[in-house]
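# Results of the structural survey
Below, each chain spelled out in residue letters.
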Amino acid sequence: MPLNELSVVDYLNKMNNREISAEQVLKDIFNQIDRIDKTVKSYLYLNKEEALSEAKKIDQKIKNNDIPPLAGLPVAINDNICTGGMETTAASRILKGFIPPYDATVIKRIKDAGGIIIGKTNLDEFAMGISNENSAFQITLNPWDRTRVPGGASGGSAAAVAADETLIALGTDTGGSVRLPASFCGISAIKPTYGRISRYGVIGCASSLEQIGIMGKGIKDLAILMNVISGYDELDSTSSHISTPDFLLSCREGINNLKFGIPKEFFSQDLDRGVKEKVIDSINRISQLGGKIEEVSLPNMEYALPAYSIIAMAEASSNLAKFDGISYGLRIEDSGDLEEMYLKTRGSGFGAEVIRRILLGTYVLTSNHYEDYYLKAQKIRSLIKKDFENVFKKFDLLIGPASPVPPFKLGEKEDEPLAQILAEIYTSPVNMAGLPAISINCGFTEKERLPVGLQIIGPPFQEEKILRVAYNLEQELKEINSVKPDLSF
Amino acid sequence: MGNDTVIGLEIHVQLLTKTKIFCNCSTDYFDQEPNSHTCPVCLGLPGSLPVLNKKAVDFAILTALALNCHINESNIFHRKNYFYPDLPKAYQISQFDRPLAENGFLEIRTEKSAESRNIRINRAHMEEDAGKLIHLERDGKTSSSLVDYNRSGIPLLEIVTEPDIQSSEEAIVFLQTLRSIVQYLGVCDGNLERGSMRCDANISIRNKENGELGTKTELKNMNSFRAIRQALDFEITRQRRLIEQGGKVLQETRRWDESSGKTVFMRSKEEALDYRYFPEPDLLPLFISQSWIESIENNIPELPDERKERFMKDYKLPHYDANRLVEVKPLGDYFERAAKNYNNYKQLANWILGELLCYLGQENIDIDKSPITPVALIELLELIDRGVISGKIAKNIFEDMFKTGQSAALLVEKSGSTQISNKEEIDDIIEKVVRDNCETVQDYISGKEKAIHFLVGQVMRYTKGRAQPDMVLSLLRERIDKT
Amino acid sequence: MSKQIVTEKDVGYIAKLAKIGLNKREKELYSGQINDILLFFARIKELNTEQIEPTFFEGTPSQHFHEDVVMPSLPQNIALGMTGCREDGYFEVPGIL
């Protein structure tokens, strides 16, 4: 088997048994990338030379019986996470050529554990979007159907995992931007509880909503990387002091007697029939495995999406103000004065979706509108949190679809700004309440054989529960997960 | 002028922490290479996040307590959003509707009034300082600007008064009192010229008849006590004249222009920005417990008024002396260091407030850089007390000490101007003076007391001031009585 | 005919606040799209939130501070190294009118 098709679990086993070398694995990965990435276009930047040199070093260490925990594991990184010395653009023209002088905390932790950063993946510009079509540089294709989108915003990472162009990848999730592409690309992803993973070095979009997400081929893979990057960071004031358990231990048998709530609001008219079928299939499987299923209601759910959008856009409008051309990034200077420089730089450096969101975000924060929009949205946020709190009193977890629709065609939602928002209808309430959630492939639509993701939501800081359920379901659905996209072109 | 001037002040105080408010960069940026004290956080690089400096909060609480404020148990940070090159994130992290402290007061006493007055403090809140801009001009216009972010992220405490101040004099006294306090607390060095303490003012004229508040203007760019005084006086006059002539005061921001001695229009109210304040999501609410406040309260250093009382009690100094010595903390420190080993406190105070301050003032040297140390000064004073030199000679020695840095003992030895206290040494001179001044001696004998002082003067001349006047006087009387 | 919440002029004002240069065509385009989205947002008015406290912050409240201990800053050349617009150790920007 080509080594780029390994899971992280198998990689670590084989490395520990000295069956393979880090260098061999990297070479197979880069071969795959060479072969298919001019079509799939997952990567914006490849760290080939440095990665291979790192791999050689780690292979040498291992020969001397010094095995770092990740043993040279190759990891792909969303291009909105700062990697020191490596171009980081957030898929925006305004940051083209920007080379951060520092690593994000998660990058440091991966490197300290012996992981290797192989490259930066494509995303919707500043993580604003649901299809990956908003990148300023290239369009990533869905490996399962190359006429369709891989989902966004972390579409590049999702496609890279699905196409075996990496063993595992990091993305960011503000309102579903890791779970949605995972669902579209038939892979697994976890968005942890807010505060579980440090945000230091993540090019912020919506500070109170986003977390780094992990995207991989299997649940145990996610758990392994969770162990390395989770935990309190003194550089992030919002990171939690809560202790990090060994998440790998959660990946064990048995979901007997766990109580699962099925929010009826997640099965509205917006839900595509093909998706619904597969999700209900999985729910039945869970029931067969011993889980107790019951319908619940999250009464304020219909207001979650507009409230979330208001908050996300407001915070983004402020977070993106620092891109002013003064000390880094794009600067457009004709002969005008400072004002001209600002207007031209930001006017041409940002794409349309980003501009739209900045304008809306600015609008809802102006003194005339603050109360009606931003303040009200934060009040609705309290209501959403309460809804979740109430159901978690009776239920261990909630399950439902990750996306209302299967992956759609490229260009289909291009001129529909509202569609950009609506795709996150089931995922965004989770960010509003800061909860952990996993998206796991639960099958393919009958008609077009497109991947469908099941979303598993847990109470705060109970990633162990959602990992356990996801792991059990994954074992149950082994035959589905053994299918791979046809990349023989 | 009357009581219808209404002034409110907004003061920014740079806190003397070692590190910046949201990162661990050094705050010691003055006179350093530009952009040498920065990091991803205070440069506003993408992905950077703020982490609050605990010491900055300690200092803020300390100051708020000294200003008799109520400390808010839970306070939050807000973002103030606007674009300017000295603001790296294009927003300033500040506090808006839940500040650290509110509702305090500061007692001031002006020279004119016998009583003291309380100026109310509306609020005190924490925020970060911006970088520094230097404007380069070409053909009279700003052609480009240079930015230095060393100052970006220095912790500031913004103190806002109610519009209780009624004159420029009161404003100055308020600022001097505040400066004294922050120096004593050790939270700020209060240097207006260097910008570690900055002041903006809001001024309006209240209608005498119906008591209505007038439109206020905001004044900026006042960089010294002198500038503040002049700017306020100018603006008060400008507004009064405008009103008298039937004009309207417009709500605007004006700049003090040092060169022309005028306040100049800067921007109008309409141009005021919408800052779109919203709570800073990267910082969680700051919770200040009672025990935290108490631990700071129990460690408040001695404040100027307390020290003044103590100087009057322990050192038996008169009110005037005590008051002057405590005005600026290093001055009081100097006195106390000397007073440890010298107990003629009044004499000590006289020399410090007199000669020392005079020479320091002439050379524009701060007390803590004085060429004459407390120990050196005591040595001089002891020489006077022991009668080795006269008070008059001591003044000359003092000047030489100040200019050369040499010790009193050395200088006295060199000049040979030790005081004559030996009777034999001056007997001859007394003989000579008595013989050469028969008429004056006769005048004294016939009752003219003044005459003997003339004779004392003559003896002093011959001894080049080295004789002890008292001793000369008694020797002369003795000698003349013998006649 | 859908209700117009923002006009082109409004969009012009917002764009100026956000320092984003837009031409007339862009202002037209964006004002239409923004209107649609604001209409979608408008449904939040239906919910009565008078007695509800807003949630501004995510994350478990904890006291998170840094100690007042100096750590090395970025060297000057690194701080300035991310732009070409610099002079004598300073960042250079066009004149402010």
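Quick note: structure is the one above.
Residues numbered from 1 in each chain as written. Chains lettered and ligands numbered in written order. Predicted model: local features only at pLDDT ≥ 70, side-chain atom pairs only at ≥ 80, totals over all residues. Heavy atoms only, no water.

## What to know about the overall build of chain C
In terms of regular secondary structure, chain C is built from three helices and three strands. Of the regular secondary structure in chain C, the N- to C-terminal order runs α-α-β-α-β-β. Taken over the C-alpha trace, chain C has a radius of gyration of 23 Å; the compact-globule value for 97 residues is 13 Å, which it surpasses by more than 25%. Projected onto its principal axes, the C-alpha positions of chain C cover 60 × 45 × 20 Å. The burial tally for chain C puts 44% of its 97 residues in the buried class. For chain C, the computed accessible surface area is about 5600 Å², with 52% contributed by carbon and sulfur atoms. (Helix = DSSP H or I, 4+ residues; strand = E, 2+ residues; numbered from the N terminus. Rg over C-alpha atoms; globule rule 2.2 N^0.38 Å. Buried < 20%, exposed > 50% of the residue type's maximum accessible area, 1.4 Å probe, protein only. Areas by Shrake-Rupley, 256 points an atom, 1.4 Å probe, with all protein chains shown as cover.)

## Description of the packing of helix H1 (residues 8–16) of chain A against helix H7 (residues 219–229) of chain A
All names here are of chain A. Close contact between H1 and H7 brings their axes to 7 Å; oriented N to C, the two are set at 70°. With respect to H7, the axis of H1 lies roughly perpendicular. Across the interface between the two elements, Val8, Val9 and Leu12 of H1 pack against Lys220, Asp221 and Ile224 of H7. (Axes fitted to C-alpha atoms, helices over the stretch in contact; angles between N-to-C directions. Parallel < 35°, antiparallel > 145°, perpendicular 65-115°, else oblique. Contact = heavy atoms within 4.5 Å.)

## Things to note about the interface of chain A and chain C
Contacts between the two partners involve 69 residues from chain A and, on the opposite side, 49 residues from chain C. The junction of chain A with chain C conceals about 5200 Å² of combined surface from both sides, 71% of it contributed by carbon and sulfur atoms. Between chain A and chain C we count one salt bridge in total. Taking the shortest distance from any N to any O, the salt bridge between A:Glu339 and C:Lys19 comes out at 3.3 Å. For the pair chain A and chain C, the number of links is 16 residue pairs in polar contact (both at pLDDT 80 or more). Of all the elements in the fold, those that place two or more residues in the side of chain A that touches chain C are helix H9 (304–319), helix H10 (338–349), helix H11 (352–365), helix H12 (371–394), helix H13 (417–422) and helix H14 (428–432) of chain A. Ranked by residues supplied to the side of chain A that touches chain C, first place goes to H12(A) with twelve residues. (Buried area = accessible area lost by both parts, 1.4 Å probe. Salt bridge = Lys/Arg side-chain N within 4 Å of Asp/Glu carboxyl O. Polar contact = N/O pair within 3.5 Å; in protein donor to acceptor, adjacent residues only side chain to side chain.)

## Focus on the sheet that holds strand S8 (residues 117–128) of chain B
Residue and element names in this part refer to chain B. Pairing is mixed across the open sheet formed by nine strands, whose spatial order is S3-S7-S8-S11-S1-S12-S13-S14-S15. A strand with exactly one partner marks an edge of an open sheet, and here the two such strands are strand S3 (70–71) and strand S15 (262–268). Of the pairings in the sheet, the one linking strand S13 (residues 217–222) to strand S14 (residues 252–257) comprises three bridges and is parallel in character. The partner of leucine 219 across the bridge, within S14, is arginine 254. Across the sheet, helix H2 (residues 54–66) touches S3, strand S7 (101–108), S8 and strand S11 (155–161), and the angle it forms with S11 is around 20°. (Pairing = 2+ DSSP bridges.)

## Here's the deal with the nonpolar core
Membership of the largest hydrophobic core comes to 304 residues, with the highest contact counts inside it found for A:Tyr11, A:Phe126, A:Leu170, A:Phe350, B:Leu9, B:Phe174 and B:Phe335. Taken domain by domain, this core gets at least three of its residues from each of domain 1 (4–294) and domain 2 (304–415) of chain B. Beyond its immediate stretch of four places on either side in the chain, B:Phe174 contacts B:Leu9, B:Ile11, B:Leu106, B:Ile108, B:Ile119, B:Ile121, B:Thr161 and B:Ile165. Membership of the second largest hydrophobic core comes to 20 residues, among which are B:Ile430, B:Met460, B:Leu475 and B:Leu476. (Core = buried A, V, L, I, M, F, W, Y, C linked by side-chain atoms within 4.5 Å. Domains from an automatic or database assignment.)

## Side note on the pairing of strand S5 (residues 78–81) of chain B
Residues and elements named next belong to chain B. Burial along S5 is two-sided: the residues His78 and Lys80 and Arg79 and Asn81 are all buried. Pairing of S5 with strand S6 (residues 91–94), which is carried by four bridges, proceeds in the antiparallel orientation. Bridging across to S6, arginine 79 finds its partner in isoleucine 93. Where S5 lies against strand S16 (residues 278–279), two bridges are found, and the strand directions are antiparallel.

## Observations concerning the interface of chain B and chain C
The parts lose accessible area when they come together, and the size of an interface is often stated as this lost area. Across the contact, 53 residues belong to chain B and 36 residues belong to chain C. Broken down residue by residue, the surface that chain B buries against chain C is led by B:Asn24, B:Leu146 and B:Leu284, which jointly contribute 16%. Scanning the region where chain B abuts chain C turns up zero salt bridges. The interface formed by chain B and chain C includes 20 residue pairs in polar contact (both at pLDDT 80 or more). Taken together, the elements giving at least two residues each to the side of chain B that touches chain C come down to helix H1 (40–43), strand S2 (52–53), H2, strand S9 (132–138), strand S10 (141–148) and strand S17 (286–287) of chain B. With seven residues, the top contributor of residues to the side of chain B that touches chain C is S10(B). Both S10(B) and strand S3 (residues 90–94) of chain C contribute to a ladder of four bridges, which runs antiparallel. Counterpart to B:Ser144 in the pairing with S3(C) is C:Pro94.

## A word on helix H12 (residues 408–415) of chain B
Residue and element names in this part refer to chain B. Those residues of H12 that sit buried are Ala408, Leu411 and Val412. The arc that holds every buried residue of H12, seen down its axis, measures 100°, which confines them to one face. In H12, the exposed positions angled more than 90 degrees off the buried face are occupied by Glu413 and Lys414. Looking at the packing, one finds that the buried side of H12 touches helix H10 (374–385) and helix H11 (391–404). Trailing H12 by a residue or two, glycine 416 shows a phi angle of about 60°, which is positive. (Arc of directions from axis to C-beta.)

## Some remarks on empty space enclosed by the protein
Within the structure shown, the criterion is met by seven cavities of 30 Å³ or more. In this structure, the largest cavity occupies an estimated 200 Å³ of space. If you trace the largest cavity, you find 22 residues lining it, with B:Ser48, B:Leu49, B:Lys89, B:Tyr91 and B:Asp282 closest to the centre. Taken together, the elements giving at least two residues each to the lining of the largest cavity come down to H1 and S6 of chain B. Residue lining of the second largest cavity: A:Ser237, B:Leu52, B:Phe77, B:Leu283, B:Leu284, B:Pro285, B:Leu286, C:Ser62, C:Gln63, C:His64 and C:Phe65, and that is the complete set. Among the residues forming the lining of the second largest cavity, the class breakdown is seven nonpolar, four polar and no charged. (1 Å grid on protein atoms, 1.4 Å probe; cavity = no way out; pocket = protein on both sides within 12 Å on 5 of 7 lines; lining within 4 Å. Points joined across faces, edges and corners; volume = space filled by probe spheres on them. Nonpolar A, V, L, I, M, F, W, Y, C, P; charged D, E, K, R; others polar.)

## What about the sheet that holds S6(B)?
Paired through their backbone hydrogen bonds, the strands of a sheet run either parallel or antiparallel. Strand order in this open sheet of three strands is S6-S5-S16 (chain B), and the pairing throughout is antiparallel. The open sheet has two free edges, formed respectively by S6 and S16 of chain B, since each of these has just one partner strand. Along the sheet face, H9(A) touches S5, S6 and S16 of chain B and points at about 60° away from the line of S5(B).

## Some points on the side chain of A:Asp324
Along the chain, A:Asp324 turns up in the loop between H9 and H10. Among buried charged residues, A:Asp324 stands out as having no salt bridge; its nearest opposite-charge side chain is A:Arg346, 7.0 Å away. Here the side chain of A:Asp324 touches A:Ile326 through a polar contact of 3.1 Å, landing on its backbone nitrogen. Each residue touching A:Asp324, except ones within four places of it in the same chain, is listed here: A:Met341, A:Tyr342, B:Phe83 and B:Pro88. (Lys, Arg positive; Asp, Glu negative; His and termini not counted.)

## Considering the pattern of salt bridges
Counted by the stated rule, this structure contains 60 salt bridges over all chains. With a shortest N-O distance of 3.3 Å, A:Arg285 and A:Glu479 are connected by a salt bridge. Placement of the pair is A:Arg285 in helix H8 (residues 273–288) and A:Glu479 in helix H16 (residues 478–481), with a sequence separation of 194 residues. Relative accessible area serves as the criterion here: at 45%, A:Glu479 is assigned to the partly exposed category. Overlapping salt bridges bring together B:Glu302, B:Arg307, B:Arg310, B:Lys329, B:Asp333 and B:Glu336 as one network.

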